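Structural description and commentary
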Amino acid sequence: MKTQTDSQLILQYQNGDENSLSYLINRHKKDLFNFIYYKLMDEDLSNDIFQDTFIKIIVTLKEGRYKEENKFILWAKRIAHNLIIDHYRLQSKNIKISETSFENEEFSIFDIIKEPENNIEDKLIDNQINEDLLKMLVMLPDNQQEVIKLRFFDGLSFKEIADHTDTSINTTLGRVRYALINLRKIMEEHKIILTK
Amino acid sequence: MKKNDTLTKKALMPKKEIIDFLLNYSKNIQTLKTKNRKAILVSKN
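If you're wondering where the values come from, they're calculated on a predicted model, not measured in any experiment.

**Some details on the overall build of chain A**
Tallying secondary structure elements over chain A gives nine helices and zero strands in all. From first element to last, N terminus to C terminus, chain A shows the α and β order α-α-α-α-α-α-α-α-α. Counting over 196 residues, chain A shows a buried share of 17%. Summarising the internal contacts of chain A: among those between residues at least 6 apart in sequence, 54% fall at separations of at least 24.

Take a look at the structure:
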C-alpha cells in the first residue's frame, strides 16, 4: 500500500477501505502540519486546524464530492489555508469585543452589532476584479499561471511551489516576478484598473 | 562547537491523539443516499 498513489488510496477509501485513510494521513501529516504550523507558530492551534482540515477531507471524500483537479496535498493545504484565514477573522472580532466590554468595563452596542458584510456594490466590484484577473492570467505562459495560482490563490510558500513544480526557488521567484511584470503590461495595454 | 541551527525549520508532527481521533471519526460515520441522490453523513452508532 506504501507504493500506491494518493489517487488510488482515495479511491479505495471511498470504496470502504479505512486503512487507506490511515496511509494517506501518515504520508502527508508532516508536510501538512508544518504548512499549518509555520503560518500560526502555535502547536496546539496547529493541531486544531490539522484536525479540522482532515474532518473536511473525510466528509468530502465520504460524500463523494472530491474532484481530483490537482494533487491531493495541494487540495488539503488549500482547505487548511482557508481554515487559518477563518481563524484570524474570528480572532480579530473577539479582540474587538473584549477591548471595550471587559478591559474598560464599558458596554458598547457597536461591539455586539455584526460587522456589515460587503454590500452588493462591493461584491460586484470583487467579482469584476476576479474576472479581470482570471482573464489576464490566461494570457500568461502556463508556468507563470501555475506559480501565480499556487502563490496567491492557494497560499503556498516559494519553497513549496518549487517542490511542487520540481524547480529551484530561484526559478520560482523568477517566474512570479515575470508573471507580475507581464500582468502589469497587460493591465496597461488593456487599461485595466484592479483596485477598488 | 555546537552548530547554530536557528535558521533551520523545526520539523513538527500532529499529536497521535489527533490522528487516532480522525481515524475513529472516519470509522464511525457512514454515507446514506437520499431519494434525490444526495449523500448525507450519519453516525453509525
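Having seen it, we continue.
**Some points on the overall build of chain B**
Looking only at helices and strands, one finds one helix and two strands in chain B. The linear arrangement of helices and strands in chain B, starting from the amino end, is α-β-β. The buried share of chain B, taken over its 45 residues, is 7%.

**Some points on unusual backbone geometry**
Residue and element names in this part refer to chain A. With a phi close to 55 degrees, methionine 41 is a non-glycine residue in the positive phi region. Relative to the helices and strands, methionine 41 resides in the loop between helix H2 (18–40) and helix H3 (43–62). The backbone of aspartate 166 shows a phi angle near 55 degrees, a positive value even though the residue is not glycine. Overall, aspartate 166 belongs to the exposed group, with 7 C-beta atoms counted inside 10 Å.

**Re the interface of chain B and chain A**
Between chain B and chain A, the residue contacts involve 17 residues of the former and 20 residues of the latter. Among the secondary structure elements, those contributing two or more residues to the side of chain B that touches chain A are helix H1 (16–27), strand S1 (29–33) and strand S2 (39–43) of chain B. Counting residues per element, the side of chain B that touches chain A draws most heavily on H1 of chain B, which supplies eight residues. For the side of chain B that touches chain A, a count of residues per class yields 13 nonpolar, two polar and two charged.

**Looking at the packing of H2 of chain A against H3 of chain A**
All names here are of chain A. Their axes nearest at 9 Å, the elements H2 and H3 cross at an angle of 130 degrees. On the basis of their axis angle, the class for H2 and H3 is oblique. The handedness of the crossing between H2 and H3 comes out as right-handed. Across the interface between the two elements, Ile25, Leu32, Phe33, Ile36, Tyr37 and Leu40 from H2 touch Glu43, Leu45, Ser46, Ile49, Phe50, Thr53 and Phe54 from H3. Looking at side-chain class alone, the contact of H2 with H3 contains ten nonpolar, two polar and one charged residues.

**As for helix H7 (residues 142–153) of chain A**
Residue and element names in this part refer to chain A. The end-to-end C-alpha distance of H7 is 16 Å, a good match for the 16 Å that twelve residues give at a rise of 1.5 Å each. For H7, every residue scored as buried is listed here: Gln144, Val147, Ile148 and Leu150. The inward-facing, buried residues of H7 contact helix H6 (120–138), helix H8 (158–165) and helix H9 (169–190).

**Comments concerning the nonpolar core**
Residue and element names in this part refer to chain A. Membership of the largest hydrophobic core comes to 19 residues, with the highest contact counts inside it found for Leu32, Ile36, Phe50 and Ala80. Looking at this core, the elements with two or more residues in it are helix H1 (6–14), H2, H3 and helix H4 (72–103). Sort the elements by how many residues they give to this core and H2 lands first, with eight residues. Counting residues in hydrophobic clusters, the runner-up holds six residues, among them Leu150, Leu156, Ile161 and Ala179.

**Re the confidence of the model for chain B**
As a note on interpretation, predicted positions should not be read in detail where pLDDT is low. Residue and element names in this part refer to chain B. Averaged over all residues, the pLDDT of chain B is 76; the fraction at 70 or higher stands at 71%. Ranking the helices and strands of chain B by mean pLDDT puts H1 first, with 94, and S2 last, with 72. Taken over the whole predicted complex, pTM reads 0.60, whereas the ipTM for its chain interfaces reads 0.74.

**Topic: the pairing of S1 of chain B**
All names here are of chain B. Note that S1 and S2 share five bridges and pair antiparallel. Residue pairing for S2: threonine 31 is matched across the bridge by leucine 41. The antiparallel hairpin formed by S1 and S2 contains five residues in its connecting segment, where arginine 37 sits at a positive phi of about 65 degrees.

**Examining the environment of threonine 31 of chain B**
Take threonine 31 of chain B: it is sitting in strand S1. Sequence separation of threonine 31 of chain B and leucine 41 of chain B is ten residues, and the distance between their C-alpha atoms is 4.6 Å. Ignoring sequence-local partners within four residues, the contact set of threonine 31 of chain B consists of Lys62 and Glu63 of chain A together with Ala39 and Leu41 of chain B.

The rules behind each value
- Residues numbered from 1 in each chain as written.
- Chains lettered and ligands numbered in written order.
- Predicted model: local features only at pLDDT ≥ 70, side-chain atom pairs only at ≥ 80, totals over all residues.
- Helix = DSSP H or I, 4+ residues; strand = E, 2+ residues; numbered from the N terminus.
- Buried ≥ 20, exposed ≤ 12 C-beta atoms within 10 Å, placed from the backbone.
- Contact = placed C-beta atoms within 7 Å.
- Nonpolar A, V, L, I, M, F, W, Y, C, P; charged D, E, K, R; others polar.
- Axes fitted to C-alpha atoms, helices over the stretch in contact; angles between N-to-C directions.
- Parallel < 35°, antiparallel > 145°, perpendicular 65-115°, else oblique.
- Left-handed = near helix turned anticlockwise from the far one by under 90°.
- Expected span 1.5 Å × (residues − 1).
- Core = buried A, V, L, I, M, F, W, Y, C linked by C-beta atoms within 7 Å.
- pLDDT = per-residue confidence, 0-100.
- Pairing = 2+ DSSP bridges.

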